[in-house]
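Residues per chain, in single letters:
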Amino acid sequence: MKPARFEYYDPRNLQEALEILHAHPDDGKILAGGQSLMPLLNMRLARPKIIVDINRIEGLNYVKATGTGVAIGANARQRALQTERLIGERLVVLREAGSFIAHPQICSRGTICGSLAHADPAAELPALAVALDAELVATGPNAARAIPAGGFFQSYFTTALQPDEILTEARFPAPPEDMAWSILEVSRRHGDFALVGIVAGLAVERERPVINRARLVYFGVGATPMRVNAAEALLIGQAPGEDAFDAAAQVAGQEIDPSNDIHATAEYRRAVAATLTRRALRAAMEKLKAN
Amino acid sequence: MKIEGRFIFPASIQPVWELLIDPQSLQACTPGCKSLSEIGNDEFEATLEIGVGPIKGTFGGKILMREKNPPFSYSLVVEGSGAVGFVRGEGKLTLEQSEDDKTAVLVAGDAQVGGLIAGVGQRLLEGVAKQMMGQFFRCLQSQLGTRLAKSAG
Amino acid sequence: MATTRTIKLRVNGADYEGTAEVRKTLVDFLREDLGLTGTNVGCEHGVCGACTILMNGETVRSCIMLAAQADGAELMTVEGLAKPSGELHPIQEAFREKHGLQCGFCTPGFLMTTYELLSKHPDADEEEIKEWLSGHLCRCTGYQDILESVKLAASRLRNS
């Protein structure tokens, strides 16, 4: 289980990395944290001829404030979600996702942008990006473009990135102040890939107990993170509580289209998605009450 | 794993049948099909390069058409193996014309996947298989569109 | 395009240099080129934890790193725990006392994670210990004795 041969570049600046990728449109792969790519290389499930290691490019490892939100650079490690003060202040749900994302030994190398670019259907960060309306900055040899998360994740391990583009930044706007968030996941063992997961957001009107904002994004249930608008719509205008949460949970369970595999049946995933919906909404509600 | 699907084609049963048994449309629409050559009666040798994202594998194998009952149904058997694993699928395709000059193609079958991709990629197999089947039939639908346009023009 | 790289790094306080194919993983480089065979190769895809070492103070999976990526880095492997005299590190001593190993294959990985955990969170409670150790698989012990070993090491290090 050793990688097949490849050419290895570890440029010191972004432009050089982009030029190398551009020169090898079908054969190049970016190596950042390597926690997803290296297993594929070791097992020879992926055999790119060119590896462009971006770890030595200065200025890509940051978590910084942008207006009221946070911008995360290509080389920022997943551990930063635990250690960066800004995350705790502005996007605490990203911190809560920490132990679901991976074990500490993986998070020390794995990058946030790398997880987004890899687009594993069972991953947490893509679902969080969709739930929080993040923008993903794709930098190519001539230009950079900001792609809304909703259109970024296209299929299994497939994003809107062109072969000669690098995901250089993930921008998370500050979520509405009155919204509370919860992330939950079920896996066979702690740290395993999610069988089903949910990112839920909830807001209630100031004057009266009526839900005015809801976000429900599921992962592990399809080729990409899945936002269930129908379930969100059911919540708006309702009193927050078991009746509304249950109705949303039932719709969510029906709307998702999970597959069967040896770990779980589609039926099981639907049932778990519904249960997690209720739990996540309750958890978000508790946070709202606490504030 | 089970393979199931239902795909609607905007034509009567005969042109849809002809499309489905045509090796050229099979080659054009089978995901990753690099080569397809007839080696016997309704038997083809094929090389497929398929994958999702960075995960790719080359499979060499056979495609067989069996139990032809024109224009109503036939069975398709696909066998392939490569460094990343092997696949064997068998499916029955049934054509049903509905009143308004539309034909539904129903797919019912089974696939076994083994080797490295099956071990490591277990959680993705069914979803990816569904997706590839969808790609295959959407491609055939557009091929039909092209054929009908040609014969009309 | 060169197919090999010269890698200079510091391991357990000593400077090393080696030349390896660019596709060589760090764990293979440590074992084969540097002769440091304490770190073990298990699953080779980052799941089992047997290959865990410290790089610049943080635990990493050396089986899913390229050796070239460690050029210029400061590493610690299991060989760096005991003193040159052979005196065991308190973590190793605790594992010995609490029978935290049987075949020992997973042990170097557990030791390195315990080292980082207790360096950064000396007051770690059982939940936090379990969280950190969850990235390691053991086929022999059933984990209880490993947990006890880490707790004992924590209390010894706190009191020293």
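Residues numbered from 1 in each chain as written. Chains lettered and ligands numbered in written order. Predicted model: local features only at pLDDT ≥ 70, side-chain atom pairs only at ≥ 80, totals over all residues.

## Structural notes on the overall build of chain B
As a reminder of what qualifies: Each helix is a run of H or I in the DSSP string that is no shorter than four residues. Each strand is a run of E no shorter than two, and both are numbered from the N terminus. Radius of gyration here uses only the C-alpha atoms, and the compact-globule reference equals 2.2 Å multiplied by the residue count raised to the power 0.38. Residue burial here comes from a neighbour count, namely the number of other C-beta atoms, placed from the backbone, that lie within 10 Å of the residue's own C-beta, with 20 or more meaning buried, 12 or fewer meaning exposed, and in between meaning partly exposed. Note on contacts: residues are paired as contacts if their backbone-placed C-beta atoms lie within 7 Å.
A tally of regular secondary structure across chain B gives four helices and seven strands. Computed over its C-alpha atoms, the radius of gyration of chain B comes to 16 Å, within 12% of the 15 Å expected for a compact globule of 153 residues. Each principal axis of the C-alpha atoms in chain B carries an extent, and together these give about 45 × 30 × 30 Å. A buried classification covers 24% of the 153 residues belonging to chain B. A separation of at least 24 residues holds for 48% of the contacts in chain B among residues at least 6 apart in sequence.

## Brief notes about the interface of chain A and chain B
The test is simple: When residues are grouped by polarity, Ala, Val, Leu, Ile, Met, Phe, Trp, Tyr, Cys and Pro land in nonpolar, Asp, Glu, Lys and Arg in charged, and all others, Gly among them, in polar.
Taken together, the 19 residues of chain A in the interface contact 19 residues of chain B. Each residue belonging to the side of chain A that touches chain B can be placed in one class, and the counts come to 11 nonpolar, five polar and three charged.

## Remarks on the packing of helix α12 (residues 242-255) of chain A against helix α13 (residues 266-290) of chain A
Residue and element names in this part refer to chain A. So the rule is basically this: An axis is simply a line fitted to the C-alpha atoms; with a helix, the fit covers only the stretch in contact. Between two such axes, the angle follows the N-to-C directions and lies from 0 to 180 degrees. To sort the angles, those under 35 degrees are grouped as roughly parallel, those over 145 as roughly antiparallel, those from 65 to 115 as roughly perpendicular, and the leftovers as oblique. Handedness of each helix crossing follows the sense of rotation of the near helix against the far helix: counterclockwise by less than a right angle gives left-handed, clockwise gives right-handed.
Packing of α12 against α13 brings their axes to within 8 Å, and their N-to-C directions diverge by 150 degrees. As summarised for this structure, α12 and α13 are arranged roughly antiparallel, according to the angle between their axes. Where α12 crosses over α13, the handedness of that crossing is right-handed. Every residue of α13 that contacts α12 at Phe245, Asp246, Ala248, Ala249, Gln250, Ala252 and Gly253 is listed here: Arg270, Ala271, Ala273, Ala274, Thr277, Arg278, Leu281 and Arg282. Classifying every residue of the contact of α12 with α13 gives eight nonpolar, three polar and four charged.

## As for the sheet that holds strand β13 (residues 211-219) of chain A
All names here are of chain A. Applied cut-off: If DSSP finds at least two bridges between two strands, the strands pair.
Across the sheet, which stays open at both edges, the four strands sit in the order β11-β12-β13-β14 with antiparallel pairing between neighbours. Two strands bound the open sheet, and with one partner strand each, they are β11 (180-186) and β14 (226-227). By the bridge criterion, eight bridges tie strand β12 (residues 196-204) to β13 in an arrangement that is antiparallel. Looking at β13, one finds that alanine 203 is bridged to arginine 213. Strand contacts of helix α9 (residues 124-131): β11, β12, β13 and β14, with the helix running at about 155 degrees to β13, the strand carrying the most contacts. Across the sheet, α13 touches β11, β12 and β13, and the angle it forms with β12 is around 35 degrees.

## Observations concerning the sheet that holds strand β4 (residues 58-61) of chain C
All names here are of chain C. Taken in spatial order, the five strands make up an open sheet running β2-β1-β5-β3-β4, and their pairing is mixed. Sheet topology places β2 (14-21) and β4 at the edges, where each strand pairs with a single neighbour. Between one strand and the next, the sheet's axes are offset by a mean angle of 40 degrees, whatever the strand orientation. Bridging between strand β1 (residues 4-11) and β2 involves eight bridges; their strand directions are antiparallel. From the neighbouring strand, threonine 4 faces β2, where its bridge partner is glutamate 21. The strands touched by helix α3 (residues 107-120) within the sheet are β3 (52-55) and β4, with β3 carrying the most contacts at an inclination of about 35 degrees.

## So, the domain arrangement of chain C
Residue and element names in this part refer to chain C. Here is the rule: The split into domains, and so the bounds of each, comes from an automatic or database assignment of domains.
Split into domains, chain C comes out as domain 1 (4-80) and domain 2 (90-159). Just the C-alpha atoms count here: the centres of domain 1 and domain 2 sit 21 Å apart. At the junction of the two partners, domain 1 supplies 13 residues and domain 2 supplies 12 residues. Of all the secondary structure elements, the ones that give two or more residues to the side of domain 1 that touches domain 2 are β3 and β4. Tallying contributions element by element places β3 first for the side of domain 1 that touches domain 2, with three residues. Residues of the side of domain 1 that touches domain 2, tallied by class, amount to six nonpolar, six polar and one charged.

## A look at the nonpolar core
Under the convention used in this document: To define a nonpolar core, we join buried Ala, Val, Leu, Ile, Met, Phe, Trp, Tyr and Cys residues through C-beta atoms within 7 Å and take the resulting set.
By size, the foremost hydrophobic cluster in this structure holds 158 residues, and its most contacted members are Leu128(A), Ala129(A), Leu202(A), Tyr218(A), Ala248(A), Ala252(A) and Ala273(A). In contact with Ala252(A), not counting residues within four places along its chain, are Leu216(A), Val228(A), Ala231(A), Ala273(A), Ala274(A) and Thr277(A). Judged by nonpolar contacts, the second largest core, of 24 residues, contains Phe59(B), Tyr74(B), Met133(B) and Leu140(B).

## Here we look at the pairing of strand β5 (residues 69-73) of chain A
All names here are of chain A. Where burial is concerned, most of β5 is hidden: four out of the five residues are buried. As paired strands, strand β4 (residues 63-66) and β5 are joined by four bridges and run antiparallel to one another. Paired with valine 63 across the bridge in β5 is isoleucine 72. Taking the residues that link successive antiparallel strands as the turn, the β4-β5 hairpin has two residues, and the phi of glycine 67 there is positive, at about 55 degrees.

## What about the confidence of the model for chain C?
Inclusion rule: Residue-level confidence of the predictor is summarised by pLDDT, bounded by 0 at the bottom and 100 at the top.
Mean pLDDT over chain C: 97, with 99% of residues reaching 70 or higher. Predicted as a complex, the structure gets a pTM of 0.94 and an ipTM equal to 0.96.

## Some remarks on the arrangement of the chains
For the two pairs of chains in contact, the largest share of contacts goes to chains A and C. Contact between chain B and chain C is absent, and the least distance between their C-alpha atoms amounts to 10 Å.

## Topic: the interface of chain C and chain A
Of the residues lining the interface, 21 residues belong to chain C; the matching set on chain A comes to 25 residues. Every element with two or more residues in the side of chain C that touches chain A is listed here: β4 and α4 (126-133) of chain C. In terms of residue count, the dominant contributor to the side of chain C that touches chain A is β4(C) (four residues).

## Here we look at the environment of Gly127(B)
Topologically, Gly127(B) is positioned in helix α4 (residues 125-152). Note: C-alpha distance between Gly127(B) and Lys34(B) (93 residues apart in sequence) is 23 Å. Those residues in contact with Gly127(B), other than ones at most four positions away along the chain, are Tyr156(A), Ala223(A) and Ser259(A).

## Remarks on helix α5 (residues 144-159) of chain C
Residues and elements named next belong to chain C. To keep it simple, the criterion reads: How far a helix is expected to stretch is found by multiplying one less than its residue total by 1.5 Å. The arc in question is the one spanned by the directions pointing from the helix axis to the C-beta atoms.
Relative to the 22 Å expected for 16 residues at 1.5 Å per residue, α5 spans 23 Å between its end C-alpha atoms, a close match to the ideal helical length. Looking at α5, one finds that the buried residues are Ile146, Ser149, Val150, Ala153 and Ala154. Down the axis of α5, the buried set is contained in an arc of 135 degrees. They therefore lie on one face. Exposed positions of α5 whose direction lies more than 90 degrees from the buried face are Gln144, Arg158 and Asn159.

## Examining α4(B)
Residue and element names in this part refer to chain B. When the terminal C-alpha atoms of α4 are compared, their 40 Å separation across 28 residues agrees well with the 40 Å that a helix rising 1.5 Å per residue should span. Of the residues making up α4, those classed as buried are Gly127, Val128, Met133, Phe137, Leu140 and Leu144. Of the surrounding secondary structure, the elements contacted by the buried residues of α4 are β1 (2-9), α1 (13-20), α2 (23-29), β3 (43-52) and β7 (102-114).

## Some points on the packing of helix α2 (residues 90-97) of chain C against α5(C)
Residue and element names in this part refer to chain C. The contact between α2 and α5 brings their axes to 8 Å, and the two run at 140 degrees. The orientation of α2 relative to α5 falls into the category oblique. Crossing handedness for the pair α2 and α5: right-handed. Along the contact surface, α2 presents Pro90, Ile91, Ala94, Phe95 and Glu97, while α5 presents Ser149, Leu152, Ala153, Arg156 and Leu157. Tallied by class, residues from the contact of α2 with α5 come to seven nonpolar, one polar and two charged.

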